Amino acid sequence: IQPSARNPLPNQQFRDLKWGQLNFLHTTDNHGWHAGHLQEPQYSADLGDYISFVSHMRRIADEKNVDLVVVDTGDRAEGNGLWDASDPMGNYTRNFYHQVDVDVLTNGNHELYNGTTATNEFLEMVPYYEGRYVASNVDINMTGEWEPFANRSHKFTTKNLGLRVTSFGFLFNFTGNFYNTNVKPASIVIKEDWFHDAINDQDVDLFMIIGHIDIEDLELGHVLAAIRKVHPTIPVQIFGGHSHIRNFKKYDEKSTALESGRYFETVGFLSIDGLLSKAKDASLGFFRRYIDANRAGYQHHTSTNEETFDTLQGLNLTAKLTQYRAELGLDRLIGCAPQDYTLSKDPYGSPNNWYTFLEKTVLPKVVANEERLGVPRIIFINTGSQRFDVFKGAFTYDTSFIVSPFTSRFRFAQDVPWVHASQLRDYFEDDANPYSYPTLNPLHGEANHPLPPVSNHIYTQAQNQHPLANGRPATVIPGYTTSDDFGTDGDDTVHSEIIWYPSPKVIQGIASFPEDWEVNPPETVDVVFMDFIGWNVAAGLNEIAGREEWRVTDFKPYMEGEDTMTKLLLEYVRDEWKHDCV
Ligand SMILES: Nc1ccn([C@@H]2O[C@H](COP(=O)(O)O)[C@@H](O)[C@H]2O)c(=O)n1
Ligand SMILES: [Zn+2]
Ligand SMILES: [Zn+2]
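The name that an unreviewed UniProt entry assigns to the chain is Putative 5'-nucleotidase C-terminal domain-containing protein, with the source organism given as Discina gigas.

Below, the structure is given as structure tokens:
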């Protein structure tokens, strides 16, 4: 079979799904990628395709007389033009997302950074779901009084087997939210009366925690322990997120957790068998798969094909998504990237590494204040602010949001002694601040290869042939090769391994330094940084100087006008990269 526009991925080698009595589909950290990955066939399914997939999965569940529960664990917001380019942000997404037949959902931190986003989530999304939107530890202040952001818990009975499920929605202990919301640590919330009432309910067959929390996070352990105190053997199924990885963890014989990646690349599948046994010591069978989000895979797992896969609703949404992208002007060509730049597929320091390119070339040029042009400056941005690789070729308006979506502004500390400023970078690297610097490496910050790069290029068919049942060779391309508590067979598609390299927490550009600065450094410099890390800069300068000299409120804007990294990047690409992508 030759690749075609409708089926760009023929001949993949799949691992099948194993259905149980209770089955789940899980998405997390979609970050606005609901039109799919336009430059990566492996993740090219859009939300319309997902709607068709869910509909077939529900049909199959009915045919098997088992149940399917569909969940999403937040961070639907920020990271793609489809979300970020509208005013207010998320305007389109909030309108089309609820077409997905979701059973239970919760919010992530990205629904709460911006006050308007949080308000609109509360006013437009939460009511739509009539209680199925759960937020066990988030409050909002709309009227001068704090009130629950959404339902604290949601109990429902499954359609076919009549299983009684009580679900909770927990956000990690997030402190960067806008002041119209409040996030309580899970360890506090589990002492609240409503939680005790919910877990003391004896008419429950399974507890489900949908968390915007890394499944290794201790906060989840607190919630599980609280439930276990009351119900030592009841099944507890956890779905996590936030760290953008595929992962699966077995907590005890009746409790596991699944985390399903990022950016609408992954649909997690989990099944549980043995739930109907009345015996207390009956064992459960758990099964997990990470499904690559593309039509070929969706069709494989639902035994459909190009003729039978699409539902009318799915097709309509796909058409609408194209229309919305056009209305937002997302395909507008800004310039042509001369090569690929990666966040972590090339080591920091390599000319193919995006952070290295930013540090050496982009930041010194675009982060400039006309009135202080001659003053030496060091420019810091947190690496977590850069979200995705740049591919060689068309760099569109959309790409600017995909790569650098956040609306942080540049601020500065004026005339900082060089002896202090020069130590900041090491300070950041050693700082244990848990939320300012996440890692976007799907391996959760741990490089899987400390050595210089070997080939990261697409493997050819000749190099990697896996026999299919019908004798045709399978195409193996680089992708997820997940290792979790159940082993290395979780990914639904056989991939060759991608090598991931670690990134620093913060990168540093320098500009307007004298040529001989390494021997004759300037007495003072301007320290310029994204305001997202303003608190860390103040803390760092104070610690290095050994006195409380800086407060966040002392830092002034560095540039006039719209100086978000998104806009500055657009300007750089428009001015420096060719406009003819041949
Ligand atoms: N204005 C912002 C907001 C967030 N970040 C970075 O994103 C991280 C959180 O992203 P998740 O998808 O993992 O929740 C945060 O820790 C920052 O690194 C940012 O840079 N600016
Ligand atoms: Zn996220
Ligand atoms: Zn998050």
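## Focus on the coordination of the zinc ion (ligand 3)
For the zinc ion (ligand 3), the protein coordination sphere consists of Asp75 (OD), Asn109 (OD1), His212 (NE2) and His242 (ND1), at 2.1 to 2.3 Å. Here the donor residues of the zinc ion (ligand 3) share one chain and are spaced in sequence as D-x33-N-x102-H-x29-H. In this structure the zinc ion (ligand 2) is found 3.4 Å away from the zinc ion (ligand 3), and aspartate 75 serves as a bridging donor for the pair. Separated by 30 residues along the polypeptide, histidine 212 in strand β9 (residues 206–212) and histidine 242 in the loop between β10 (236–240) and β11 (246–252) bring together distant segments of the chain.

## Describing the packing of helix α10 (residues 354–366) against helix α15 (residues 565–576)
A pair of packed helices can be characterised by two numbers: the angle between their axes and the separation between those axes. Viewed as axis vectors pointing N to C, α10 and α15 meet at an angle of 85°, and their least axial separation amounts to 11 Å. Between α10 and α15, the angle falls in the class roughly perpendicular. Where α10 abuts α15, its residues Trp354, Phe357, Leu358, Thr361, Val362, Leu363, Lys365 and Val366 lie against Met565, Leu568, Leu569, Tyr572 and Glu576. Tallied by class, residues from the contact of α10 with α15 come to ten nonpolar, one polar and two charged.

## Overview of the packing of aromatic side chains
Scanning the entire structure with this criterion turns up 46 aromatic pairs. Ring geometry for phenylalanine 269 and phenylalanine 287: centres 6.2 Å apart, planes at 70°, overall edge-to-face. Residue phenylalanine 269 is located in strand β13 (residues 266–273), and its partner phenylalanine 287 is located in strand β14 (residues 285–292); the two are separated by 18 residues in the primary sequence. Each member of the pair phenylalanine 269 and phenylalanine 287 is classed as buried. Ring plane angle 75° and centroid distance 4.8 Å describe the contact between phenylalanine 529 and phenylalanine 555, whose orientation is recorded as edge-to-face. Of this pair, phenylalanine 529 sits in strand β24 (residues 524–530) while phenylalanine 555 is found in the loop between α14 (534–545) and β25 (556–557), placing the two residues 26 residues apart along the sequence. Overall, the relative accessible area of 0% leaves phenylalanine 529 in the buried class.

## With respect to the environment of leucine 358
Mapped onto the fold, leucine 358 is located in helix α10. Residues leucine 358 and isoleucine 381, 23 residues apart in the sequence, show an inter-C-alpha distance of 9.6 Å.

## Focus on the state of the cysteines
Taken as a whole and assessed by the stated rule, the structure comprises one disulfide. Across a sulfur-sulfur distance of 1.8 Å, cysteine 336 and cysteine 581 are joined as a disulfide pair. Negative torsions about the S-S bond denote left-handed disulfides, and the value of about -95° found for cysteine 336 with cysteine 581 makes this one left-handed. Of this pair, cysteine 336 sits in strand β15 (residues 333–337) while cysteine 581 sits in the segment after α15, and the two are 245 residues apart along the sequence. Overall, the relative accessible area of 35% leaves cysteine 581 in the partly exposed class.

## As for the coordination of the zinc ion (ligand 2)
Taken together, the protein ligands of the zinc ion (ligand 2) are Asp29 (OD), His31 (NE2), Asp75 (OD) and His244 (NE2), with distances of 2.1 to 2.3 Å. In the primary structure, the donors to the zinc ion (ligand 2) are separated according to the pattern D-x1-H-x43-D-x168-H. Residue aspartate 29 is classed as buried on the basis of its relative accessible area of 0%.

## Side note on the pairing of strand β16 (residues 377–382)
In terms of burial, β16 is largely enclosed, as six of its six residues are buried. Covered by surrounding structure in β16 are Arg377, Ile379 and Ile381 together with Ile378, Phe380 and Asn382, the residues of both alternating faces. When β16 meets strand β23 (residues 506–511), the two strands line up antiparallel, connected through six bridges. From the neighbouring strand, isoleucine 379 faces β23, where its bridge partner is glycine 509. Summarising the sheet, β16 and β24 pair through four bridges and their orientation is parallel. Bridge assignment links arginine 377 to a residue of β24, and that residue is aspartate 526.

## Here we look at the pattern of salt bridges
On inspection of all chains with the given rule, the structure shows 35 salt bridges. Put simply, aspartate 484 and arginine 288 hold a salt bridge, and the shortest N to O gap is 2.7 Å. With a gap of 196 residues between them, aspartate 484 in the loop between β21 (478–479) and β22 (496–497) and arginine 288 in strand β14 connect regions that are remote in the sequence. As a salt-bridge pair, aspartate 489 and arginine 288 come within 3.1 Å of each other at their nearest N and O atoms. Taken together, the positions of aspartate 489 in the loop between β21 and β22 and arginine 288 in strand β14 put the pair 201 residues apart, joining distant regions of the chain. What makes aspartate 489 partly exposed here is its relative accessible area of 37%. With a relative accessible area of 3%, arginine 288 lands in the buried category.

## A look at the sheet that holds strand β18 (residues 410–417)
In a beta sheet, neighbouring strands are held together by backbone hydrogen bonds and run either parallel or antiparallel to one another. As summarised here, the arrangement of the five strands in space is β23-β16-β24-β18-β25, forming an open sheet in which the pairing is mixed. At either margin of the open sheet sits one strand with a lone partner, and together these are β23 and β25. Each of β16 and β23 touches α10; the most contacted strand, β23, lies at about 30° to it.

Conventions and cut-offs
- Residues numbered from 1 in each chain as written.
- Chains lettered and ligands numbered in written order.
- Predicted model: local features only at pLDDT ≥ 70, side-chain atom pairs only at ≥ 80, totals over all residues.
- Heavy atoms only, no water.
- Donors = N, O, S within 2.8 Å, 3.2 Å for Na, K, Ca; no water.
- Helix = DSSP H or I, 4+ residues; strand = E, 2+ residues; numbered from the N terminus.
- Axes fitted to C-alpha atoms, helices over the stretch in contact; angles between N-to-C directions.
- Parallel < 35°, antiparallel > 145°, perpendicular 65-115°, else oblique.
- Contact = heavy atoms within 4.5 Å.
- Nonpolar A, V, L, I, M, F, W, Y, C, P; charged D, E, K, R; others polar.
- Phe/Tyr/Trp six-rings, centres within 6.5 Å; stacked < 30°, edge-to-face > 60°.
- Buried < 20%, exposed > 50% of the residue type's maximum accessible area, 1.4 Å probe, protein only.
- Disulfide = S-S within 2.5 Å.
- Pairing = 2+ DSSP bridges.
- Salt bridge = Lys/Arg side-chain N within 4 Å of Asp/Glu carboxyl O.

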